[in-house]
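Below, each chain spelled out in residue letters.
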Amino acid sequence: MKQEKVLVAASVASMIDQFNMPNIRLLLDLGYEVHVACNFKKGNTCDDRRIKKLKNRLHALHVTLHQWDCPRGILPVWKCGRAYLQILELLKRYPFAWIHSQSPVGGALLRTAAHRLGVRVVYTAHGFHFYKGAPYFHWLVYYPAEKLLSYWTDVLITVNEEDYVFAKKHLHVKNVYRIFGVGIDTQKFAHPSGEEQSADTKSSLADGHKRFCRYYRIPDHALVILSVGELNKGKNHRQAIQALSGILGDDVYYLICGQGKLGDRLKAQAKRLGIGAYIRMPGYQEQMPFLYQNAGLFLFPSKREGMPAALMEAMAAGLACVASDIRGNRELIDPCGGSLYSLKQTEALKKSVLDLLKNSQLRAACGAYNRKKIAAYDCNRVKRQMQKIYEGMAYKPLVSILIAVYEPNLDWLLALVRSIKNQTYQKFEILLLDDGSKRIPLEKIKDTVAVGMRICGEWERTETAAWQLLDAACSHKVTLQKNSRNEGSNKAFERLARLAHGQYMAFCDQDDIWERRKLEKLLNALKKEHAVMAYSDMSVIDETGRMLHKSLRNLRRGLRFVHGKGTTAYYLADNCTAGCSMLVRSELVKKAVPFACDAYCDQWVAAYASAYGTVAFVPQPLVRYRRHRGNQTQALAAIANRQDYYEKRVLPMYRLVQEMRARGIHYPNEQQMQAFADARKNRDAFGIFRYRRFCRKYAYFDLLLLGMPETLAGSLLQRFQKTAGKRR
C-alpha cells in the first residue's frame, strides 16, 4: 500500500528538536511518510551544531526536510508573505493527508494555506498569547486571529487546563484535546535520593559535581541556582538578576543556560549590580540532565508559558522550584514543591529564593514531592495521548449503507435506523429504497427514518426523483427513493449500489439491529488484513427482540464461516455470509451489477468480491438477526420432494458457476468447482463425493437423496422443514 504523507511544520528547527521528535517517530511507527518544514537557518534557540545533528537524525529516519523561511514574529510583514507562498507551494507539490503545525506565526500561515487547498490540520498551541493577565494588545491582535483560524483547524491540542477550557468555550475547532505538556523522560533527569545511593553512586556523583564546578568555574562548596530559557524579554531573566543582587556571592552562584539577543545586556546588568562574577551564561547546553543534577535550586521567572518543559525537567531532577505565578507554572508548582511569586513583586521572588536557600531540608522535601508529581507528565503518557489523536486523523472512508424495504414493520425499521445512528463509526450515508410497498405509505417511512436519526429536518425532492433529508444538525446524507412496483431484493440493491458514493458498501435488512461497533470492527478487519470484504457472525432474535441464539451457528447446524484467500469456490457452493453482516469495497459491488438471478445478492457479491482478494471475518456477532415468518432465507423453503430440491438447490449453484465463467471471473479451484457443479447437476455420485470438500453438507445430502426412493426422500425433506421451523 502507498504510504500517506504527513507534514510536521514549525517556525524554527529548535521546536522540532525540543518538542516533536517523539511525534515524528510515532508517525513513522504508524506507517506515514513524514515531511518536516521549518527554518533551519534562523531564529533557533539552539546552536548550529545542534541543528546539524537534528538534520542527521531526521535523515537517518528517512524524513524529508524542507527549508521554510518562516519568521517567529509578524514583522516585517513581507517575510510572512514570502513564507506563506513557500508553504502554499509545498502543499501543492505534495498530497499531504494532513498536517501537524505548531508555533503562532507558522501555525497561522500554514492553516491559512491548508484551508485554501482543503488539507486537514492539527495545531498544537504551546500557550495562547491571550490569557488571564495578558496585555490588551495581545487580546486585540491574537485572539481574533485565533478565533478565525479555529474554523480552519480540525484538531487543536492544548498543553494546559486554562487554554483547554478557553478553547472549548470560545473557539470553533472540531476537536479540542489537552495533553500533559510535550512530555519528558522522567528517568533521564532523575537524580537518586540519599536513601537510594550506594557507596559507588555517591562517589560517582561527587566526581560529577567536581567536573561540573570546574567546567563552569564555580567553587565546589557553592550552591547553584539554575535557570533555563532563551535570553529574551519573555523569559524575564532581567528580573531574576535584579532579585538575586543581594543574594549571590562566594556561596551562591547563578547559572543561566540559553542563547538569545539579550545576552550582552544581561551581562551588563549583572556587572552594574556588582554580581557579574557570580553569574554564568554559557549559552545553549546539550547535557541538561547533568546540569539539573548538580544544581541546588531552580528559578523560572518567565512572563508567559504554556507548559514549560524546563520546569518539568527540573522537577524530574528533584529540584525545589521558584517560579512566576503564571499559567502553566501554576499547574506544576504548588507549596509542597516550592513557591510561586507575582511578576510585579521582585521582593517576593527574592524572599522565596532566600527561604529555600536557608533550609536544606525544605529544598530536599520540595524536590522529592516534585519528582512524584511530575510522573504524570512522563513522555510515555503523552505518547499514548498523541497516538490516539494521530489515529483519529487517519483517513476515514465513507460507507454507503444500503437499505431495501418492502411493506416494512415500522417499529423494526425504527430500531434498525436507531442502531445505525448510534454507530461508533460515523462517516456514512444512508440510501433507502422502498421496493413498491402498497400498505405502508412513503410518508410513514420518511417519518420513521427521521425519528430514528433524531432529527427534525425537511425532505426535499431532487431531480432524480429521490428524497434527501435536509437538516443542519444531521451530519449524514440520507436519500430515499421508491419503486413504482415490487422488483425483489436483488434489483432493489442493484439500484442502490449504482447510487452509492462511499468507498465501502454495507447491505442492510429492514428488520435487523446493528451492534454499536459493527462498522468500526468491520473496517478494522478490512484494514488489518488488506481485505476486499469483511463479514461477521450474527446473533438471532425473535419478533419481540428476545435473544434466541448468541451465534448463527446455533441456528444453522454445521455452518462454517469461510474466510481468507481463495474462498470463491466455497461461496459458490454454499452461502455462509449474510448481506446484513457484510462490508464490501464499492468498486467490486458496482462491477458485480447486475447480480446473478440464481442467488441472493449477498452470496453473489461475496463470491464475486472474493475473486479479487482476501475476505476477513469478525467472529463476534455484530448484527442481531431477526427471525420471523417473513424471512426470505428459510431452510429448504418450498421444497417438498426430490425434484424441488434439484431445481432449487442443485441447478442454481450450477448456473451460478456458469455465470462466473460467462463474466470472465477466474478464481482458485475454478476447474474443481466446475466439476463439482457438473457432478451435482448430472447426479454423479462419484463426482459429488470426490469434490465434497467445497460443501460437505450438500454433498452428503445429495448422496443421501440419490440412494432413497422418491417417497422416503419427500418424507425426509418435510421432516427437515419441521425441524428447522422448531429451531426458529
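Above this note sits the structure.
Remember, predicted model here, so these are calculated numbers, not experimental data.

**Student:** Explain the packing of aromatic side chains here, please?
**Tutor:** Counting across every chain of the model gives 27 aromatic pairs. Residues phenylalanine 128 and phenylalanine 130 carry aromatic rings whose centres are separated by 4.8 Å and whose planes lie at 10 degrees to one another, so their mutual orientation is stacked. An identical accessibility class is assigned to phenylalanine 128 and phenylalanine 130; each is buried. Among the aromatic residues, ring-to-ring pairing joins Phe128, Phe130, Trp139, Tyr143 and Phe166 into one connected group. The lysine or arginine in question, arginine 692, covers the ring of phenylalanine 689, its NZ or CZ lying 4.0 Å from the ring centre. One Lys or Arg, lysine 697, reaches over the ring of tyrosine 698 and ends 5.1 Å from the middle of that ring.

**Student:** Teacher, can you tell me more about the pattern of salt bridges here?
**Tutor:** Any two side chains of opposite charge can pair if their charged atoms end up close together. Tallied over the full model, the rule gives 26 salt bridges. Lysine 446 is the partner of glutamate 443 in a salt bridge, and the nearest nitrogen-oxygen pair spans 3.0 Å. Residue glutamate 443 and its partner lysine 446 are both found in helix α18 (residues 442-452); the two are separated by 3 residues, about one turn of the helix. On the basis of relative accessibility, which here comes to 4%, the residue lysine 446 falls in the buried class. Across the pair arginine 680 and aspartate 702 runs a salt bridge, and its minimum N-O distance is 2.5 Å. One end of the pair, arginine 680, is in helix α25 (residues 670-681); the other, aspartate 702, is in helix α27 (residues 696-706), and 22 residues separate them in sequence. Aspartate 702 shares its class with arginine 680; the two are buried.

**Student:** What is the right way to look at the side chain of histidine 129 in this model?
**Tutor:** Locating histidine 129 in the fold gives a position in the loop between β5 (120-125) and α5 (136-150). Polar side-chain contacts of histidine 129 include one of 3.4 Å to the side chain of arginine 304. When near neighbours in sequence (up to four residues on either side) are disregarded, histidine 129 contacts Pro104, Ala134, His138, Tyr142 and Arg304.

**Student:** Mind showing me how you'd approach the environment of arginine 384 here?
**Tutor:** Note on placement: arginine 384 falls in helix α16 (residues 379-392). Residue classification places arginine 384 among the exposed residues on the basis of a relative accessible area of 51%. Distance in space between the C-alpha atoms of arginine 384 and isoleucine 179 is 9.8 Å, their sequence separation being 205 residues.

**Student:** How should the sheet that holds strand β11 (residues 297-300) be read in this particular structure?
**Tutor:** Sheet strands line up and pair through hydrogen bonds in the backbone, either parallel or antiparallel. Taking strand neighbours across the sheet as the criterion, the 6 strands line up as β10-β9-β8-β11-β12-β13 in an open arrangement whose pairing is parallel. The sheet is open, and its two edges are formed by β10 (279-283) and β13 (338-341), each paired on a single side. Averaged over neighbouring strand pairs, the angle between their axes works out to 20 degrees when direction is ignored. The pairing of strand β12 (residues 321-324) with β13 spans 4 bridges and is parallel. Within β13, the residue paired with valine 322 across the bridge is serine 339.

**Student:** Teacher, can you tell me more about the pairing of strand β6 (residues 155-158) here?
**Tutor:** The side chains of a regular strand alternate, residue by residue, between the two faces of the sheet. Alternating positions in β6 separate into two faces, Val155 and Ile157 on one and Leu156 and Thr158 on the other, with burial throughout. In this sheet, β6 lies alongside β5 in parallel orientation, the contact comprising 4 bridges. Note that in β6 the partner of valine 122 across the bridge is valine 155. Relative to strand β7 (residues 175-178), β6 runs parallel, the two being bridged by 4 bridges. When the bridges of β7 are listed, leucine 156 appears paired with valine 176.

**Student:** Mind showing me how you'd approach the packing of helix α23 (residues 601-610) against helix α24 (residues 642-662) here?
**Tutor:** Two quantities define a packed helix pair, namely the angle between the axes and the distance from one axis to the other. Where α23 contacts α24, the axes come no closer than 12 Å and their chain directions differ by 45 degrees. Put simply, α23 runs oblique to α24. Considering only the axes of α23 and α24, their crossing is right-handed. Facing α23, whose interface residues are Gln603, Trp604, Ala607 and Tyr608, α24 presents Leu656, Glu659 and Met660.

Definitions and limits used
- Residues numbered from 1 in each chain as written.
- Predicted model: local features only at pLDDT ≥ 70, side-chain atom pairs only at ≥ 80, totals over all residues.
- Heavy atoms only, no water.
- Phe/Tyr/Trp six-rings, centres within 6.5 Å; stacked < 30°, edge-to-face > 60°.
- Buried < 20%, exposed > 50% of the residue type's maximum accessible area, 1.4 Å probe, protein only.
- Lys NZ or Arg CZ within 6 Å of the ring centre and 35° of its normal.
- Salt bridge = Lys/Arg side-chain N within 4 Å of Asp/Glu carboxyl O.
- Helix = DSSP H or I, 4+ residues; strand = E, 2+ residues; numbered from the N terminus.
- Polar contact = N/O pair within 3.5 Å; in protein donor to acceptor, adjacent residues only side chain to side chain.
- Contact = heavy atoms within 4.5 Å.
- Pairing = 2+ DSSP bridges.
- Axes fitted to C-alpha atoms, helices over the stretch in contact; angles between N-to-C directions.
- Parallel < 35°, antiparallel > 145°, perpendicular 65-115°, else oblique.
- Left-handed = near helix turned anticlockwise from the far one by under 90°.

Geometric values such as these leave the question of function open.
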